[in-house]
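# Coordinate inspection notes
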2 protein chains.
Amino acid sequence: MTYDLWYWPTIQGRGEFVRLVLEAGGIAYRDRARTDGVEAMMHDMAARGPRAPFAPPYLVAGDTTVAQVADIVLFLQDRHGIEPRDEAARYWLHQLQLTVADLVAEVHAVHHPVDPMAYYDEQRAEAMRAAAQFRAARLPKFLGHFEAALGAADGAFVAGEKWSGIDMALFQIVAGLRYMFPRRMAALAGDYPRLAALHDGVAALPAVAAYLASDRRVAFNTDGIFRHYPELDGD
Amino acid sequence: MTYDLWYWPTIQGRGEFVRLVLEAGGIAYRDRARTDGVEAMMHDMAARGPRAPFAPPYLVAGDTTVAQVADIVLFLQDRHGIEPRDEAARYWLHQLQLTVADLVAEVHAVHHPVDPMAYYDEQRAEAMRAAAQFRAARLPKFLGHFEAALGAADGAFVAGEKWSGIDMALFQIVAGLRYMFPRRMAALAGDYPRLAALHDGVAALPAVAAYLASDRRVAFNTDGIFRHYPELDGD
């Protein structure tokens, strides 16, 4: 079965965490809003009635619709055997995935601290303050947590010798944070060797490398979650 | 087995979503930081090494440690048969639980829009702006989503005739939002009849009623997630 993924077509955003799992797993999907447009997505979403998603991304698999990145990843892992070996590992990987989701929400709040519906330029002063604390405190706290978590891995990936959704997620946050905060991430380079190695290991997976080199990978830009505004960066 | 729950002892916060499931399910647990204190929690958390939680709450079940509210709820539902009847419902309920987590994060960001580590009084001006947009746009959007979701329920609870974690979560957000925004929630009363009925249905469950009347239920206060600051409320 070919899945339908619906997500904003011009950004990586939260949808990228799903795209990476689909691509790495060689799972057939259509990135629907990229062919059908945003209006079609709004219509599709509204037509789903009481079980309509709160927001994109969402994945349609026949009669089943799944939204929320971590839930979609869980669904794909269950369906395609991309799961960890034991029950405890399953909850542990999902827990990490949820902590990535928290980080992603905080990253978005850096450039939209007071009004998610308004433009960045309308909250730039507040964003400057939010970015300063994020760079100083929250960013190292999150990266330190993931670096420590990788200390428990007994293989090249979080769950061992085989990649799973959390590896795609950690790849994406390293890539995103390097784009958003080049100066800060350069200053921190060397502090998180396991995370850097994992990033490179994921990028070197043949299916991922092919994806990243294709036009299916939207480029980072200042409409997404990770946004490079030089005034929000610093050593 | 008696679980150990570790969470900040003087607030409901995120821990309350776990406490409610444990209490409703009659599941034995110790609320460890309430007896052993916060310092013991910090020691316990640090001693967990590479699999240490990012933050409380976390639940300890023998050798297994689970953190992140939605992951803990999933774990408890699996272990104690508090699960929905079919696979699609399972992902759907988890998806709703993750949307509750998003709402909780946004609620916290209302009073801490630019610096989660600083005091409210240090970001009060930004919080006034964040609260205005939250009351006007995000709050009705979230409540409308959950109200619509309840339209798919074929019983008193989201998954049918039996409660599950999402019912506890929706009860808690209604209770919390009524405490935090009494004026705004009074203005909206009547717009979300299914959500209001669900709140009352959960509160009337004998195990929940007994819990709410006990001293195990910490009172709402201005150290938690839901905080009543009159200047952040409005019709």
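These figures come from a predicted structure and were not determined experimentally. (Residues numbered from 1 in each chain as written. Chains lettered and ligands numbered in written order. Predicted model: local features only at pLDDT ≥ 70, side-chain atom pairs only at ≥ 80, totals over all residues. Heavy atoms only, no water.)

## Quick notes on the UniProt feature "domain: GST C-terminal" (unreviewed entry) in chain A
Summarizing the sequence annotation, UniProt attributes the feature "domain: GST C-terminal" (unreviewed entry) to residues 86-232 of chain A in the numbering used throughout. Strand forms 0% of residues 86-232 of chain A and helix 63%; the C-alpha atoms that close the span are 42 Å apart. (UniProt positions renumbered as here; feature names shortened; annotations may be inferred. Helix = DSSP H or I, 4+ residues; strand = E, 2+ residues; numbered from the N terminus.)

## Here we look at the relation of the copies chain B and chain A
Mapping chain B onto chain A leaves a residual RMSD of 0.0 Å; the transformation is a rotation of 180° accompanied by 0.0 Å of translation along its axis. Expressed as an axis order, the relation between the two copies is that of a two-fold axis. Minimal C-alpha distance to the rotation axis in chain B is attained by B:Pro113, lying at 2.7 Å. Comparing interface residues between copies, 100% of those in chain B also lie at the interface in chain A; the contact surface is shared. (Least-squares fit on C-alpha atoms with pLDDT ≥ 70 in both. Contact = heavy atoms within 4.5 Å.)

## Observations regarding the interface of chain B and chain A
Taken together, the contacts link 46 residues of chain B with 47 residues of chain A. With both chains or domains summed, chain B and chain A bury close to 4200 Å², and 58% of this area falls on carbon and sulfur atoms. Linking chain B with chain A are two salt bridges. Between B:Glu126 and A:Arg129 there is a salt bridge, and its shortest N-O distance comes to 2.9 Å. In this assembly, chain B and chain A are joined by 17 residue pairs in polar contact (both at pLDDT 80 or more). Only strand 4 (64-67), helix 4 (69-80), helix 5 (87-111) and helix 6 (124-150) of chain B provide two or more residues apiece to the side of chain B that touches chain A. Take the side of chain B that touches chain A: its biggest share by element is eleven residues, from helix 6 of chain B. Among the residues forming the side of chain B that touches chain A, the class breakdown is 23 nonpolar, ten polar and 13 charged. (Buried area = accessible area lost by both parts, 1.4 Å probe. Salt bridge = Lys/Arg side-chain N within 4 Å of Asp/Glu carboxyl O. Polar contact = N/O pair within 3.5 Å; in protein donor to acceptor, adjacent residues only side chain to side chain. Nonpolar A, V, L, I, M, F, W, Y, C, P; charged D, E, K, R; others polar.)

## Thoughts on the sheet that holds strand 2 (residues 29-31) of chain B
All names here are of chain B. Sheet architecture is open: four strands sit in the order 2-1-3-4, paired in mixed fashion. With partners counted over all chains shown, the strands left at the sheet margins are strand 2 and strand 4, one partner each. When strand polarity is set aside, the average angle formed by the axes of neighbouring strands in this sheet is 20°. Note: strand 3 (residues 58-61) against strand 4, four bridges, orientation antiparallel. Paired with Val 60 across the two strands is Thr 65, which belongs to strand 4. In the packing of helix 4 onto the sheet, contacts are made with strand 1 (3-6), strand 3 and strand 4, and the angle to strand 4 comes to roughly 130°. (Pairing = 2+ DSSP bridges. Axes fitted to C-alpha atoms, helices over the stretch in contact; angles between N-to-C directions.)

## Points about the pattern of salt bridges
Evaluated as defined, the whole model comprises 27 salt bridges over all chains. In this structure, B:Glu106 and B:Arg138 form a salt bridge, with 2.7 Å as the shortest nitrogen-oxygen distance. On the criterion of sequence distance, the pair formed by B:Glu106 in helix 5 and B:Arg138 in helix 6 is long-range, its members being 32 residues apart. On the basis of relative accessibility, which here comes to 21%, the residue B:Glu106 falls in the partly exposed class. One continuous salt-bridge network, built from bridges that share partners, spans A:Asp4, A:Arg30, A:Arg32 and A:Asp36. (Buried < 20%, exposed > 50% of the residue type's maximum accessible area, 1.4 Å probe, protein only.)

## Some words on the packing of helix 5 (residues 87-111) of chain A against helix 4 of chain B
Relative orientation of the contacting elements helix 5 of chain A and helix 4 of chain B amounts to 155°, with a least axis distance of 9 Å. By the angle between their directions, the pair helix 5 of chain A and helix 4 of chain B is classed as roughly antiparallel. Handedness of the crossing formed by helix 5 of chain A with helix 4 of chain B: right-handed. For the pair helix 5 of chain A and helix 4 of chain B, contact is made by A:Glu87, A:Tyr91, A:Trp92, A:His94, A:Gln95 and A:Leu98 and by B:Ala70, B:Asp71, B:Leu74, B:Phe75, B:Asp78 and B:Arg79, respectively. (Parallel < 35°, antiparallel > 145°, perpendicular 65-115°, else oblique. Left-handed = near helix turned anticlockwise from the far one by under 90°.)

## Description of the pairing of strand 3 (residues 58-61) of chain A
Residues and elements named next belong to chain A. Along strand 3, one buried face is formed by Tyr 58 and Val 60 and the opposite face, lined by Leu 59 and Ala 61, is buried too. In this structure, strand 1 (residues 3-6) lies alongside strand 3, joined through three bridges in antiparallel fashion. Looking across to strand 3, one finds that Trp 6 is bridged to Tyr 58. Hairpin remark: strand 3 followed by strand 4 (residues 64-67), antiparallel, with two residues in the connecting loop; positive phi at Gly 62, about 60°.

## Here we look at helix 1 (residues 15-24) of chain A
The buried fraction of helix 1 of chain A amounts to ten of the ten residues, a majority that puts the element mostly inside the structure. Regarding helix 1 of chain A, the residues found buried are A:Gly15, A:Glu16, A:Phe17, A:Val18, A:Arg19, A:Leu20, A:Val21, A:Leu22, A:Glu23 and A:Ala24.

## Notes on empty space enclosed by the protein
This model, assessed by the stated rule, comprises four cavities of 30 Å³ or more. Here the largest cavity is characterised by a volume of approximately 90 Å³. Per-class residue counts for the lining of the largest cavity are six nonpolar, five polar and one charged. Viewed by domain, the lining of the largest cavity spans two of them, domain 1 (3-80) and domain 2 (87-205) of chain A, each represented by three or more residues. Lining of the second largest cavity is provided by B:Ala70, B:Val73, B:Leu74, B:Gln77, B:Arg90, B:Leu93, B:His94, B:Gln97, B:Ser164, B:Gly165 and B:Ile166. Going through the elements one at a time, helix 4, helix 5 and helix 7 (165-180) of chain B are the ones with two or more residues in the lining of the second largest cavity. (1 Å grid on protein atoms, 1.4 Å probe; cavity = no way out; pocket = protein on both sides within 12 Å on 5 of 7 lines; lining within 4 Å. Points joined across faces, edges and corners; volume = space filled by probe spheres on them. Domains from an automatic or database assignment.)

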